[in-house]
Amino acid sequence: MSRRRLLFLALACAVVLTPLIGQSQSSRTPSARRAAPDARITFAETIAPIVYANCVTCHRPGEAAPFPLISYEDVARRGTLIAKVTESRYMPPWHAEPGFGEFVGERRLTDAQIATIAAWVTQGMPRGDETRMPKLPEFPADGWRLGQPDLILEMPIAFDVPASGPDVFRNFVIPTKLAEDKWVRGIEFRPIARKVVHHALFAQVPGGSRANVDGVDGRPGFGGLSAVGFMDRTDPGLGGWVPGAQPTMFTEGIVSRLPKGSDFLLQVHFHPSGKREFEKSLIGIYFAENGGQKDLASVLLPAVFGLGAGIDIPPGEKQFTIKDSFTLPGDAKVYNALAHAHYLAKQMKAEATLPDGSTRPLLWIRDWDFNWQDGYSYKNPFILPKGTRIDVTLTYDNSSDNPRNPSSPPRRAIFGEQSLDEMGTIGFEVEIVNKAEVDAFHAALASRNKMATDTASKNGTLGRLLARGLRRNMQQLTVFDRQGNVVTRLGEVGSYSQAAFSPDGSRIAVVKNDPDTDGRDIWTFDIATGKSTAITSDAPPDSAPIWSPDGTQIAYVSDREKTNAIYRRAANGSGAEELVYTHTSGAQIILTDWSADGRFLCFWAGETMFVLPLAGERKPIELGRERGGRFSPDVRLLAFNSNQSGPFQVYVKDLAESTRQPTPGGPAVQSTQVSNGPSVGGIFWRRDGKELFYLSIQGGQGMMAVDVLGEAPFRTGEPKLLFKLPTPVLAPAQLSNVSSPDGQRFVFAVNVAARKPAQ
Amino acid sequence: MRPSALVLWLLVLSGAVGLAQSDRGHVQLRDLSGRVIAPFTPSGAASVVFFVATDCPVSNSYAPEIRRVCRDYGPRGVECSLIYEDLDTHPSAAPLDQQVRTHLREYGYLGFTAVVDRDRVAATRAKASITPQAFVIDRSGEIRYRGRIDNLYAALGTTRQQVTSHDLREALDAVLAGGKVPRPETEALGCFITDPALLRKHDHE
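To start, this report covers the structure provided alongside it. From a predicted model like this one, the values you see are computed outputs, not experimental measurements.

Describing the overall build of chain B
Okay, so step 1: The number of helices and strands found in chain B is seven helices and twelve strands.
Okay, so step 2: In chain B, buried positions account for 41% of the 205 residues.

Describing the overall build of chain A
Okay, so step 1: Helix and strand content of chain A: seven helices and 44 strands.
Okay, so step 2: Residues counted as buried form 48% of the 759 residues belonging to chain A.
Okay, so step 3: Nonlocal contacts in chain A, meaning residues at least 24 apart in sequence, comprise 69% of its contacts between residues at least 6 apart.

Focus on the packing of helix 3 (residues 79-87) of chain A against helix 4 (residues 111-122) of chain A
Residues and elements named next belong to chain A.
Okay, so step 1: Helix 4 packs onto helix 3 with a crossing angle of 155° between their chain directions and a minimal axis gap of 9 Å. As far as their axial angle goes, helix 4 and helix 3 are roughly antiparallel. In this structure, helix 3 meets helix 4 at a crossing whose hand is left-handed. Contact with helix 3, carried on its side by G79, T80, I82, A83, T86 and E87, involves I114, I117, A118 and V121 of helix 4 and no other residues of that element.
Okay, so step 2: Looking at the contact of helix 3 with helix 4 residue by residue, the classes come out as six nonpolar, three polar and one charged.

Observations concerning the environment of G316(A)
All names here are of chain A.
Okay, so step 1: Take G316: it is sitting in the loop between strand 13 (312-313) and strand 14 (320-327).
Okay, so step 2: Taking C-alpha positions, G316 is 8.7 Å from D401, a pair spaced 85 residues apart along the chain.
Okay, so step 3: The residues touching G316, leaving out its near neighbours within four places in the chain, are N398, S399 and P410.

Let's talk about the interface of chain B and chain A
Okay, so step 1: With 30 residues of chain B at the interface, the matching set in chain A holds 26 residues.
Okay, so step 2: Of all elements in the fold, only helix 2 (57-61), helix 3 (63-73), strand 10 (153-155), strand 12 (191-192) and helix 7 (196-201) of chain B reach the threshold of two or more residues within the side of chain B that touches chain A.
Okay, so step 3: Of the residues assigned to the side of chain B that touches chain A, the class counts are 13 nonpolar, twelve polar and five charged.

Points about the sheet that holds strand 7 (residues 240-241) of chain A
All names here are of chain A.
Okay, so step 1: The sheet built from five strands is open, its strands ordered 6-3-9-5-7 with antiparallel pairing. Of all strands in the sheet, those bounded by a partner on one side alone are strand 6 (222-223) and strand 7.
Okay, so step 2: Strand direction decides the pairing type here: strand 3 (residues 168-175) and strand 9 (residues 263-270), joined by eight bridges, are antiparallel. Bridging across to strand 9, I174 finds its partner in F264.

The rules behind each value
- Residues numbered from 1 in each chain as written.
- Chains lettered and ligands numbered in written order.
- Predicted model: local features only at pLDDT ≥ 70, side-chain atom pairs only at ≥ 80, totals over all residues.
- Helix = DSSP H or I, 4+ residues; strand = E, 2+ residues; numbered from the N terminus.
- Buried ≥ 20, exposed ≤ 12 C-beta atoms within 10 Å, placed from the backbone.
- Contact = placed C-beta atoms within 7 Å.
- Axes fitted to C-alpha atoms, helices over the stretch in contact; angles between N-to-C directions.
- Parallel < 35°, antiparallel > 145°, perpendicular 65-115°, else oblique.
- Left-handed = near helix turned anticlockwise from the far one by under 90°.
- Nonpolar A, V, L, I, M, F, W, Y, C, P; charged D, E, K, R; others polar.
- Pairing = 2+ DSSP bridges.

And the structure:
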């Protein structure tokens, strides 16, 4: 069982909150219920100070809350509602119980304040003497609140948030284009559609590593809860954002690495508002001078988000409990706590027992709400001495009495990353105080992770997850005609991607995944006989098989020692492989073509497309923010995908002009748009150059055909839909020869129907 | 409330525009285009009246479902109307009619019959206290259902992952079938309708 298969779990990172502006009112508002009947509670003198200190951070124009609470009219109009939601403690939103840790930025009213509001409403909401109103807190003007960021990232394309329907979890991939590793000391997040952005989590991933899922369904990014963060991560995360949190730098001395060429991954939880909205977030990143001196560790209880904790909750069970303990192998200074679970969790509680027997409450969430995944930063970070035992108890309610239950009627919930599954952990971000204890500390954590994996392997959790993953990802190589009829199916059902016709149309090259080892190798299939041949069978994952123009060789990308490189070898699998080119930017490279004259390869890495001359010193020529490049049969033109003017479209431009050294201030290379709607690669020139194909992504993936009417100037006819693919194919932007040379046959690894889970 | 008392009460409370008491005891309102309508007196099989507000997030989040209900039941002779809360308390804000027109456009309500409930007269008459709150009125003018649209909200701030009770649709089905509404009254969750008079009262303290 590969560990990588397990690295899919969402990590809710610690959100660092600053104190809310304004002073605490707890000392000046006696309980109104106990107050004498003639005591006058007025807006100006009593209510406004409470509201200004606790509500207006969000309840003011331009912020996340749905209505402002600034003037008397604002507040009185919502008086009954305010009394009700403060009483139920829905507002202000804060889920940690008092007495279990003191946190930065607590948004919590005292019982006395809540009673005062209720009494004011009952008494008819008197206005009072407005000359005695407190001053409205000052909020910084629009713009970056932490100052000008060192790096500003923006979502490349706006995301269309639907008016209604279930909450949307969407992951956006934003290339950092960093030329060297950086250390992050703070992040400021600026959403645009504040009414629908519920929270956001940040992570970094290797450049281009999400290209196979990014935009597959025709919208920016990709779906799911599981993309952000990795559970074997040991460095501090990049944090997150919830409405009302003021941006702040990470706790002093805590920095997080942002490697060169990495992609920033932004997971946003959208809450549809009844009205369609568009989100195009900005992220400001602030760099530190260096990596800092602290030895940091993330302590998760239970380990690995509960993988080995036996989470298997029968339907109807109201009080399913899991417990975990960890004795600290060294002194640890505790900075932040975080909690993560899905919809069924109810209570999450952590307590420390020190070696002297005394106890210290750490965190208690009495009514877990998946929608408010706050991180909790301790106001005064504290040291727990070596030998301290941390105990965590999590409870789940899988009955129909739990309104958050995603299943109706309730269903068995097992450990997993889907929203119907459960998981759960309380995590602590700690500094290992003594250098001498650092190794032992990390070893203890690693051993906990291994134990969790072993337990999950023994109790069947891993087997179930694996079987489900397989069922989800089964494909079969399928050849279609121009009308979309299935001509033939090749090989067994399995896990395939990036199918490509050989230049003579007799064979198919494809990437085949081995789900047991997570290995990825290049295979070929003979269409006439169905015979398959392994071209590579090595440990490193291989991808992007590209046929040489004469069909005797296959080039491919292989991921070795954290760099990726292009290799080639004989297309019959014989002989040794030859290293063609090593890419050093850190971004994943995606090879998409080998020119008909054999002189050039075309690939993209991160957001930039390159043409690689195979002669000479093999120095790639940078073409710009493009992808999926495909040479015309006469190698004079290049067709490619670009999103420079909105969604990805197919364009064609002159190859010689594009690869010439650009003259400063010279004219930009003209390109001609071919597609008439959003598209994602799958570009293919018919051998005679008279027809061009590509995949559109309007209402599913569709194979499009365009007549080439002239080369100078380049002219095309109206794109026509040949057929819709039965299921979307993975990594469509990475496809190469989707068609036979005559444009009569098309090949895709299409999903086959998932089988019923064997329970 | 007896009709004569209602007339008297209205004379005291209502402004120049808004509710009038017709001789048949119907609530008549003037919609945004100036047309006189009687949403509580169906001319077809039944009518649904939704009390809504432009700035209530719960009310707004229901806009797509309100549209779907009206789309689904329109062909069966059900008339829909939206009664907007009168929240013209900000002298600086745009005129309420204009705010409502913008809201109708933004939330996909174009083509809906919409009125502003000046001085809360319709809400008072129908005993509506929440936005959103739905009313089903049968052919005879009797209110057969008063309450939530469905049980999406378990509490304020807690939405169900799955709606398990479509109360408004069940009520409409029952009325159209000539049967008994299973639960004629349910608790609506959302924002409270505020009496503008209460706010005005404190202006002159």
